[in-house]
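# Reading the structure
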Amino acid sequence: AQKVTQAQTEISVVEKEDVTLDCVYETRDTTYYLFWYKQPPSGELVFLIRRNSFDEQNEISGRYSWNFQKSTSSFNFTITASQVVDSAVYFCALSEATDYKLSFGAGTTVTVRA
Amino acid sequence: GAVVSQHPSWVICKSGTSVKIECRSLDFQATTMFWYRQFPKQSLMLMATSNEGSKATYEQGVEKDKFLINHASLTLSTLTVTSAHPEDSSFYICSGATPSSTDTQYFGPGTRLTVL
């Protein structure tokens with residue numbers, strides 16, 4: 001069963017627009033971890049954030065912000081004032097404390113046009 | 001800190017040959033290493049989990065005799081694709097985790113394998 005669902009396959013925006021990437025997850029564990037990774041064309045995964053299931057505080061890091069809502073099993077990611085360098089594939093992932101294996105969503109390709 | 005390297009970064013081989021990919025944790029001891037495969041425009045799929053000194057645990061559908069994984073030391077894991085075929089062409093990514101932080105994986109830069 002799909003544990004992580006990223007509903008948007010592709011998003012295209014013009015520079016300076018905000019972009020929100022949706023992520024919905026499914027787990028029976030009470031202890032789990034959620035991640036967002038960026039994968040630029042080079043292929044190397046860039047870690048963006050890790051959030052454990054007991055910490056529902058939203059987080060902001062520069063132009064990036066994350067909204068964790070356990071009630072809806074969602075962990076959405078917003079890029080504010082997007083830039084061309086933000087163009088990449090973004091993956092949401094889930095790790096359960098039972099085995100720590102990472103389940104990745106299908107990814108969302110973000111294209112920011114100048 | 002927490003740097004993982006992979007070698008080679010890309011490799012082209014002929015069908016039927018074997019290819020070895022190395023994954024090294026440069027500044028930490030990775031008791032657990034993971035191997036992922038990513039086909040073009042797809043997500044990362046976990047192939048196997050290996051613990052140092054133990055046999056790897058393979059995910060359903062991954063042939064353990066085709067994808068040989070060795071995790072002989074705390075800083076090195078190798079993936080050997082035996083008798084490679086064009087359908088094995090993919091991006092292979094490894095990651096490492098430490099005993100104190102098993103919930104966080106540190107990823108290597110990936111190896112692009114092309115089988116002709």
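Here's what I pulled together on the structure shown here. All values derive from a computational prediction rather than experimental measurement.

About the cut-offs
- Residues numbered from 1 in each chain as written.
- Chains lettered and ligands numbered in written order.
- Predicted model: local features only at pLDDT ≥ 70, side-chain atom pairs only at ≥ 80, totals over all residues.
- Heavy atoms only, no water.
- Disulfide = S-S within 2.5 Å.
- Helix = DSSP H or I, 4+ residues; strand = E, 2+ residues; numbered from the N terminus.
- Contact = heavy atoms within 4.5 Å.
- Buried area = accessible area lost by both parts, 1.4 Å probe.
- Salt bridge = Lys/Arg side-chain N within 4 Å of Asp/Glu carboxyl O.
- Polar contact = N/O pair within 3.5 Å; in protein donor to acceptor, adjacent residues only side chain to side chain.
- Phe/Tyr/Trp six-rings, centres within 6.5 Å; stacked < 30°, edge-to-face > 60°.
- Buried < 20%, exposed > 50% of the residue type's maximum accessible area, 1.4 Å probe, protein only.

## Description of the state of the cysteines
Residue and element names in this part refer to chain A.
- Inspection of every chain in the model, using the stated rule, returns 2 disulfides over all chains.
- Disulfide pairing places cysteine 23 opposite cysteine 92 at an S-S distance of 1.9 Å. Between cysteine 23 and cysteine 92 the sulfur-sulfur dihedral comes to about -65 degrees; the bridge is accordingly left-handed. Here cysteine 92 lies in strand β10 (residues 88-96) and cysteine 23 lies in the loop between β3 (19-21) and β4 (24-25), a separation of 69 residues in the sequence.

## Side note on the interface of chain A and chain B
- The partner chain B presents 18 residues to the 16 residues of chain A that form the contact.
- Both sides of the chain A and chain B interface together cover about 1400 Å² of buried area, and 56% of this is carbon and sulfur.
- Across the contact surface, chain A and chain B share 1 salt bridge.
- Among the ionic pairs, A:Lys101 bridges to B:Glu59, the shortest N-O distance being 2.7 Å.
- For the pair chain A and chain B, the number of links is 5 residue pairs in polar contact (both at pLDDT 80 or more).

## A look at the environment of B:Ser18
Residues and elements named next belong to chain B.
- When you line up the elements, serine 18 lands in the loop between β2 (10-13) and β3 (19-25).
- Distance in space between the C-alpha atoms of serine 18 and threonine 102 is 31 Å, their sequence separation being 84 residues.
- Not counting the four nearest positions on each side in its chain, serine 18 is found in contact with Thr80, Val81, Thr82 and Ser83.
- A distance of 3.4 Å separates a polar atom in the side chain of serine 18 from the backbone nitrogen of serine 83.

## Overview of the packing of aromatic side chains
- In total, this model carries 19 aromatic pairs over all chains according to the counting rule given.
- Plain terms: the ring middles of A:Trp36 and A:Phe77 are 5.2 Å apart, the flat faces sit at 45 degrees to each other, and that makes the pair tilted. Of the two residues, A:Trp36 sits in strand β5 (residues 32-39) while A:Phe77 sits in strand β9 (residues 74-79), which places them 41 residues apart along the sequence.
- By relative accessible area, A:Trp36 is classed as buried at 0%.
- The class for A:Phe77 is buried, based on a relative accessible area of 0%.
- A ring pair is formed by A:Tyr37 and B:Phe107, whose centres lie 5.3 Å apart and whose planes are at 80 degrees; its orientation type is edge-to-face. Of the two residues, A:Tyr37 is situated in strand β5 and B:Phe107 in strand β10 (residues 101-107); the pairing between them involves two chains. Comparing A:Tyr37 with B:Phe107 shows no difference in burial state: the two are buried.
- Cluster of aromatic residues (ring-pair linked, three or more members): A:Phe35, A:Tyr37, A:Phe47, A:Phe91, A:Phe104, B:Tyr36 and B:Phe107.

Keep in mind that these numbers describe shape and distance, not what the molecule does.
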